[in-house]
Structures are given as structure tokens and as C-alpha cells.
Amino acid sequence: MSRYTKNDIYKLVDEEDVEFIRMQFCDILGKPKNIAVTVSQLDKILDNQCIFDVTPAAGFETSTGLAVLHPDLDTFQTYPWRPQTGKVARMYCDIYDADGNPWEGDPRLVLRRVMKKADEMGLSFDIRPDQEFFLFHTDDEGRPTTHTHEYAGCFDVSPLDLAENVRRDIILTLEEMNLEVVKSHHEVSPAQHEIDIAGGRADRVADEVMTFRMVVKTISQKHGLYATFLPKPIQNVNGSALSLHIECTDALGKNLFAGDGPDGLSEMGGQFLAGVLKHLKGITLLTNPIVNSYKRLTPGFGAPTHISWSDNLADKESVIHLLRRGNSTEIELRNPDGVCNPYLAFAAILEAGMDGIRNEMTPPPKADLTGKDPYDILPESINDAIDDYQSDPLIREVLGEEVYKHYLNEKMKEWKEFRAVVTNWELNKYLGIY
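If you're wondering where the values come from, they're calculated on a predicted model, not measured in any experiment.

Peer 1: I would appreciate a short explanation of the nonpolar core in the present structure.
Peer 2: Generally speaking, soluble globular proteins have nonpolar side chains that are buried together. Within the largest apolar cluster, 67 residues are counted, with the highest numbers of intra-cluster contacts made by F125, F272, I320, F346, Y389 and L399. Considering each element in turn, this core owes the most residues, 11 residues, to helix α8 (residues 342-358). Leaving out residues up to four positions away in the same chain, F272 has contacts with F125, I246, F257, I331, I349, L350, G353, M354 and I357.

Pasting the structure below:
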């Protein structure tokens, strides 16, 4: 059931003294986009008449080049960092074509289709994201650098943690935007931080991940810092992840992953886990979408590399951790990073798990920490991930032809560009020898 009606929006705009409204959406690469309108256009946008040329956005093509934004009224929110008179509000939007049909290239639609399948199976999926990021200085012209004055480590406090106040202001702003913050702390690497928000229904959490990124970047900028979710901005230190804690419940709120078997998983939980592991290679291009993502997924820096699962948090190589917590039992997927499109990544992960349930898949034994058992590994480069993406028919099925094709084209273009670059490593390694 919707939280807000049109009349509620009119009332909120009046009470909050809103002057501008951002109609937000997300392109297939996970970049936030928006059309800004003044409050004088409120009647039109609430009647789904916000029409625009969508072709400049990555992967967005319609038969006419026109798209229509349908605002999700329940996502109405004012920006607390904007002026308190003539405020700015936002609403996330669904994208329709000029004929009034949901546009198949809309990432939000992709996730909604998967959530509908889950509803039909009597399943409700919640996701809780743990989000890591770096805070760096900017240069004299305001451009981002990878420089920092601090050398704090995991769980350190001030004065070692120089950004404690920045993190506090980010958290207060998130809470003003109705995102519940569970915990926060300095992470392992210098200038690296983690803030965890409460879980919720996967489609709503995807919206919240987009909000989270905007808040982190905006508040950091106000402190003269640049926030980046780049997975590996500095070599030889731990990179940043977007770990996803996944729960599954039925209509009565019973945790369907919890069980009394030897591994603490229910039969359905094992099937879900098996499905994710089976399709993980094909999904990786969505969860780890850029060239830099694969600099993080290397041994020795706390990121997973093995397509295996474990209930031991000390096992840093396994991609899945099982967290046994009775009616809060959850599966943690550890390989995603913070530059992914959350709508597409969540959709593919949940569809993979449901494929495991539908086909009653059996999970492999949990990881052998002695290292004796061989495991398949995650893709080692974006090129490997592109191949795996194309080899798994489930990926095309869950994304739909429109998104599948455009996403693949963008990633192939990115790999081609990277292959043509001569890096400093190559010059340092070879120039004085050959």
C-alpha cells in the first residue's frame, strides 16, 4: 500500500516550502540522473507528464527518443542540506515510453519484475547493505586526488580518525532522510570508512543505496573532501565493498533460511545459496562493473576470490558468509562493490537464488579452511566477467533484451578503451629493460 497520495504531496510541498523538485532516475551504469522542475509544474509531474529526450543517458533508447517520468510518491523527500526556504525535494521515478508503456530499459523495472516473481512464490527478500568508501583531499582546483593526512585503521577513533566529524554529519543527514543507520566505523585502510544502514525490502533498499551515495558525496564535499566508492583507489591496501546481507521470510515473517541441519541452513536456504553460487560468475559483471573492480578482487586484501561459502568470518576468500542468527539468519554476499547499479545487481542475485529454489539445487560443502579443496574463482578481469555474463542465459532472462544488450555494449567499450591505455606500471616495469 502506498504511503503518500497526490494530496499528501501537495500538502508536503506547501508545508515544507518546496520550490524545486528533482525527478530522479538511474541509468543502466548506476549513475544518478534527474530532471529538475519548479513547483509550478507540480500538477503536470503528478499527472505523469514529465516528458524528456532520454537519448543522452547511457543505454537509454526508445523508438521515439522520448521518455516519461512517473514519480514514485512514496519516495518524496526534501534535501536537508539545501536552503530552508525554497527547499529542494526529490522523487524517484519509473520510466515509461511515449506510448504510456513501462520502458523495458528501466533498471527499476528490472528489479520490480524479480520482486513480483518472489511475491508469487510467497517469498519476501530483505537486503541490508554494508557500504564502504574513501575520503580524500581535493587539489587546488577542486578535483579529486588520492591524498589523505590520516593513517587510521579499523575501528580507530580520533585523533587517529581525522574524519570522525565528517562521518557523524553524514549519519545525521542520512537519518534526516529517513535512512536508519545501524553502525559506522573507520575501516582497515587509511581514509576508508564504513556506514551500515538498516535492511528492508530489496527494491526500497536499492533506492536507499542511491540516496546513501548522494548524501556521502554531498556532505563530504561540504567538509572539503572527496568521497569515492571506487573499489580500489590505492594499490596495496584493502579496497571498498558493498557487502549484501540477504534475508528471506514468508508472509508470517518466518525466516526461511534458518534451519536445524548440520550447516544451520534450511533446505530452501541451501537451495538459494546454491543458485547464487552457480550463477555468480555471470552476475559478477553486474556486481563488479568496472575495470577497477577487479583490482580489489585479488588475494591478500580481505576481498573474496573463491566461489565458495563458509560460516567462519575468518575465511576471507569465500564469497559467501552464512550468519546464523536464529530468526535473523542471513546470507552475506561479499564480492559486490559500491559502483554497481543496485537495481540490476539485486535483481540478478535474487533471481539466481530463486533459480536455485525452483530447481531444488544442492549447495556444495562449506569451504575447507585447510586450503586442500580446489575452488572455482571469481572472474579476474572485466574481460573474463564479460565472457561469463554472455555464457549464462539467466542473465539475459532477468535483465531483458534491452538492458542486457546495452549493458554489454557499454562494458565491452570500457574494456576496449582500457586495453589501449599504456599504464605507469608498464613503463616502470619495461622501459628501462627493453
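That covers the picture; the talk isn't over yet.
Peer 1: When you look at the packing of aromatic side chains in this model, what are you seeing that I'm missing?
Peer 2: Two measures describe an aromatic ring pair: the distance that separates the ring centres and the angle between the ring planes. With the rule as written, the count across this model stands at 13 aromatic pairs. Both rings, one in F25 and one in F52, keep their centres 5.4 Å apart while their planes meet at 40°; by these two values the pair is tilted. Residue F25 is located in strand β1 (residues 18-26), and its partner F52 is located in strand β3 (residues 50-53); the two are separated by 27 residues in the primary sequence. An aromatic cluster is built from F125, F257 and F272, whose rings are joined through pairwise contacts. Lying over the aromatic face of F301, K232 brings its terminal NZ or CZ to 4.0 Å of the ring centre. The ring centre of Y407 lies 5.7 Å from the NZ or CZ of K411, which sits over that ring.

Peer 1: Looking at this structure, how should I read the pairing of strand β6 (residues 87-97)?
Peer 2: On any regular strand, side chains alternate: one points to one face of the sheet, the next to the other face. With respect to burial, β6 is a largely interior element, 10 of its 11 residues being buried. Pairing between β1 and β6: six bridges, direction parallel. Within the sheet, the bridge partner assigned to V18 lies in β6 and is K87. Sheet analysis places strand β4 (residues 66-71) next to β6, joined by five bridges and oriented antiparallel. Looking across to β6, one finds that L69 is bridged to I95. Taken together, the two bridges between strand β5 (residues 77-78) and β6 define a ladder with antiparallel strand orientation. The residue of β6 that forms the bridge with T78 is A89.

Peer 1: What exactly am I supposed to notice about the pattern of salt bridges here?
Peer 2: Pairs can form between side chains of opposite charge once their charged atoms are near each other. For the coordinates displayed, the defined rule picks out 28 salt bridges. For D161, the salt bridge is made with R167, and the minimal N-O distance between the two is 2.8 Å. Among the residues examined, D161 registers a relative accessible area of 2% and is labelled buried. Exposure remark for R167: the relative accessible area of 8% places this residue in the buried category.

Parameters at a glance
Within any chain, residue numbers begin from 1 and follow the written order of that chain's sequence. In keeping with the model being predicted, local features are shown solely for residues with a pLDDT of at least 70 and side-chain atom pairs are shown and tallied solely at 80 or more, while totals for entire chains, interfaces and linings include all residues. Hydrogens are left out, water is left out, and the side-chain values use all remaining heavy atoms of the structure. What makes a nonpolar core is a set of buried Ala, Val, Leu, Ile, Met, Phe, Trp, Tyr and Cys residues whose side-chain atoms join them at distances within 4.5 Å. Accessibility here uses a 1.4 Å probe with only protein chains present; expressed as a share of the type maximum, an area under 20% marks a residue as buried, one over 50% as exposed, and anything in between as partly exposed. Only DSSP runs of H or I with at least four residues qualify as helices, and only runs of E with at least two residues qualify as strands; both kinds are numbered from the N terminus onward. The contact definition used throughout considers only heavy atoms, calling two residues in contact when any of these lie within 4.5 Å. Two rings from Phe, Tyr or Trp (for Trp, the six-membered ring) form a pair when their centres sit within 6.5 Å of each other. Planes less than 30 degrees apart are called stacked, planes more than 60 degrees apart edge-to-face, and all others tilted. Here, a charge over a ring means that NZ of Lys or CZ of Arg falls within 6 Å of the ring centre while also lying within 35 degrees of the ring normal. Only when DSSP finds a minimum of two bridges between them are two strands counted as paired. Put simply, a salt bridge is a Lys or Arg side-chain nitrogen that is within 4 Å of an Asp or Glu carboxyl oxygen.

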